[in-house]
Amino acid sequence: MPQQHYPSRVVDVDSTRRAYGDRVDAVLPWLWVADPLADNVAAAMRTRPASSENFYQALEHGRQSAPALPAPMERFLDNVEAVPEWVDWSRINRAGTLFFRTGIAGGIVLGAKSLCYGYCSPGGNKPLIMTGRLSSSAMSMRLVETSRYVVETCRSGGLQRFGRGFQLAIRVRLMHAVVRNLLQSNPAWSNERWGVPINQHDMLGTALLFSQSFVEGIRQFGFSVSTTEAEDYLHLWRYATYLMGLDESLFPKDEADALVLADIILRTQGAPDADARTLVDALVRAPLSRAEREHHRVRGAAAQVAAGYGFCRTLLGPELSDALALPKDKWRFAIPAISKVVAALEPIRERVPALEHRLAAAGHRHWERAITQGSQGQKTTFAPPTRLAGLKNYP
């Protein structure tokens, strides 16, 4: 097999090839590939600032509501408005119930597993580090925005053309394009070290974190997830990440394939670095930042932080947890204890369809409360940064 040239962030390629063969060299080249459609829209917004407002008007209310758009914007909307033949709306709308019925446990998995897994990538975490969103208060708002995006994506009808999930996917995709341009324009960024910023390989990793890793995490909590439910949930995120710009050839075929892709990424990304530890600490400690304005809540926030570290240790596993220097305290036993209770109750839910609907409705209410409390009155704008505020450690 001819040797491929990959960014220096890539490790252990030969041993991973021995495990997965040619599949490895079908995944890693995407480190060099970005998202041309979105990048062209971002470029048009830079050169014709007035077109930005028109674009978002067209996104929110349809193209007939806005003045004529530059050609790159028209091509982009042509692309995202054309629903691929493989999209099955019944599966997508059914899949969201899985997310909502897990309630607060699903929220813990989203933060302590999905997001923290992403932070563990020493190459993939660099765009977030360099944009400077490192404080616990900034991380708290990022968690709120991520939660809003996931909630709207999983809401029935959310990914339809004028659904809020669809529109947020496009906003996040263009935010990524703006960040990509900021990074590529700065000498601190090295393609040879990390690949193209927010590349297709890392988009695939993110897609797996929101789909396969989430399913794995709620199973760790004791929830029963059938093969059909898991496959439906992956199908929902295939379309969501298609809207986010992921190339269709990278989509996992099924749950088993998603596990293979996730393992290839994990094996070749290297151990968590200091940036990974900084990001995980900022995320786990976010409740303390929120409590600073209300001193009577500090003690409760401190307990949340301790629990958060314990949840991370269980959901990430011992190897990553040790690399992140996560504490080994009594909280690491919380999920195993909770999972026994959840597993005992799951057969009742499976026999009583009305109970699943009630759990899903309760999940909707939980997420709205959590987002409202987390935002502390701030709006979730998904606005891209205007500068790179975290470059001091990357001369």
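Reading the values: rules and limits
Residues numbered from 1 in each chain as written. Predicted model: local features only at pLDDT ≥ 70, side-chain atom pairs only at ≥ 80, totals over all residues. Heavy atoms only, no water. Helix = DSSP H or I, 4+ residues; strand = E, 2+ residues; numbered from the N terminus. Rg over C-alpha atoms; globule rule 2.2 N^0.38 Å. Buried < 20%, exposed > 50% of the residue type's maximum accessible area, 1.4 Å probe, protein only. Areas by Shrake-Rupley, 256 points an atom, 1.4 Å probe, with all protein chains shown as cover. Lys, Arg positive; Asp, Glu negative; His and termini not counted. Charge placed at Lys NZ, Arg CZ, Asp CG, Glu CD. Axes fitted to C-alpha atoms, helices over the stretch in contact; angles between N-to-C directions. Parallel < 35°, antiparallel > 145°, perpendicular 65-115°, else oblique. Contact = heavy atoms within 4.5 Å. Nonpolar A, V, L, I, M, F, W, Y, C, P; charged D, E, K, R; others polar. Salt bridge = Lys/Arg side-chain N within 4 Å of Asp/Glu carboxyl O. Expected span 1.5 Å × (residues − 1). Phe/Tyr/Trp six-rings, centres within 6.5 Å; stacked < 30°, edge-to-face > 60°. Polar contact = N/O pair within 3.5 Å; in protein donor to acceptor, adjacent residues only side chain to side chain. Patch = residues over 30% accessible without salt bridge, like charges linked within 9 Å, V, L, I, M, F, W, Y side chains within 5 Å. Arc of directions from axis to C-beta.

Asks: Please provide a residue-by-residue account of the overall build of the protein, values included.
Replies: Along the backbone of the protein there are 21 helices and 0 strands. The globule rule puts the C-alpha radius of gyration for 395 residues at 21 Å, and the 21 Å found for the protein is close to it. C-alpha atoms of the protein, sized along the principal axes, occupy 55 × 50 × 45 Å. Within the span of the protein, comprising 395 residues, buried residues form 53% of the whole. Summing over all exposed atoms, the protein offers an accessible surface of approximately 17,500 Å²; the carbon and sulfur share of this is 55%. Across the protein, the 46 positively charged side chains and the 39 negatively charged ones have centroids separated by 7 Å.

Asks: Just give me the short version of the packing of helix 10 (residues 164-184) against helix 14 (residues 227-243), but keep the residues and values in it.
Replies: Two elements in contact, helix 10 and helix 14, have axes whose closest approach is 8 Å; the angle formed by their N-to-C orientations is 45 degrees. When the axis of helix 10 is compared with that of helix 14, the two are oblique. Contacts between helix 10 and helix 14 pair F166, A169, I170 and R173 from the former with Y239, A240, Y242 and L243 from the latter. Among the residues forming the contact of helix 10 with helix 14, the class breakdown is 7 nonpolar, no polar and 1 charged.

Asks: Which residues make up the pattern of salt bridges, and what are the values?
Replies: Under the counting rule described, the total for this entry stands at 30 salt bridges. Where D202 meets R9, a salt bridge forms, and the shortest distance between an N and an O atom there is 2.8 Å. Separated by 193 residues along the polypeptide, D202 in helix 12 (residues 200-210) and R9 in the segment before helix 1 (13-20) bring together distant segments of the chain. The class for D202 is buried, based on a relative accessible area of 17%. Here R9 falls in the buried class, since its relative accessible area comes to 10%. The salt bridge involving D232 is made with R94; its shortest N-O contact spans 2.8 Å. Of this pair, D232 sits in helix 14 while R94 sits in helix 6 (residues 89-101), and the two are 138 residues apart along the sequence. On the basis of relative accessibility, which here comes to 4%, the residue D232 falls in the buried class. We classify R94 as partly exposed; its relative accessible area is 45%. Taken together, the shared-partner salt bridges connect R101, E229, E346, R349, E350 and E356 into one network.

Asks: Tell me what's going on with helix 21 (residues 353-375), and back it up with residues and numbers.
Replies: When the terminal C-alpha atoms of helix 21 are compared, their 34 Å separation across 23 residues agrees well with the 33 Å that a helix rising 1.5 Å per residue should span. Among the residues of helix 21, those classed as buried are E356, A360, G363, H366, W367, I371, G374 and S375. Trailing helix 21 by a residue or two, Q376 shows a phi angle of about 50 degrees, which is positive.

Asks: Please provide a residue-by-residue account of the packing of aromatic side chains, values included.
Replies: Applying the stated criterion to the full structure yields 15 aromatic pairs. Between W86 and Y242, the aromatic rings sit 6.0 Å apart at their centres with planes inclined by 90 degrees, giving edge-to-face as the arrangement. Residue W86 is located in the loop between helix 5 (71-81) and helix 6, and its partner Y242 is located in helix 14; the two are separated by 156 residues in the primary sequence. Accessibility expressed as a relative area gives 28% for W86, which makes it partly exposed. Both rings, one in F99 and one in F100, keep their centres 5.2 Å apart while their planes meet at 75 degrees; by these two values the pair is edge-to-face.

Asks: How would you sum up the side chain of R17? Please name residues and give values.
Replies: Checked against the element boundaries, R17 lands in helix 1. Within the structure, R17 has its side chain in polar contact with the side chain of D25 (distance 2.7 Å).

Asks: Requested: an account of a nonpolar patch on the surface, with residues and values cited.
Replies: A cluster of nonpolar side chains, contributed by V341, L345, I348 and V352, occupies part of the molecular surface with about 320 Å² of accessible area. On the accessibility criterion, V352 (37% relative accessible area) is partly exposed.

Asks: Residue-level account of the environment of E152, with values.
Replies: Tracing the backbone shows E152 in helix 9 (residues 136-154). Its relative accessible area of 9% is what places E152 among the buried residues. Along the backbone, E152 and E229 are 77 residues apart, and their C-alpha atoms lie at a distance of 19 Å. What E152 contacts, discounting residues up to four positions off in sequence, is G158, R164, G165 and L168. Among the polar contacts listed, one links the side chain of E152 to the side chain of R155, at a separation of 3.1 Å.

Asks: Go over helix 1 with me, naming the residues and quoting the values.
Replies: Of all the positions in helix 1, only V13, T16 and R17 are classed as buried. Mapping the buried residues of helix 1 onto a view down its axis gives an arc of 105 degrees, with all of them on the same face. Remark: G21 follows helix 1 within two positions and exhibits a positive phi of approximately 60 degrees.

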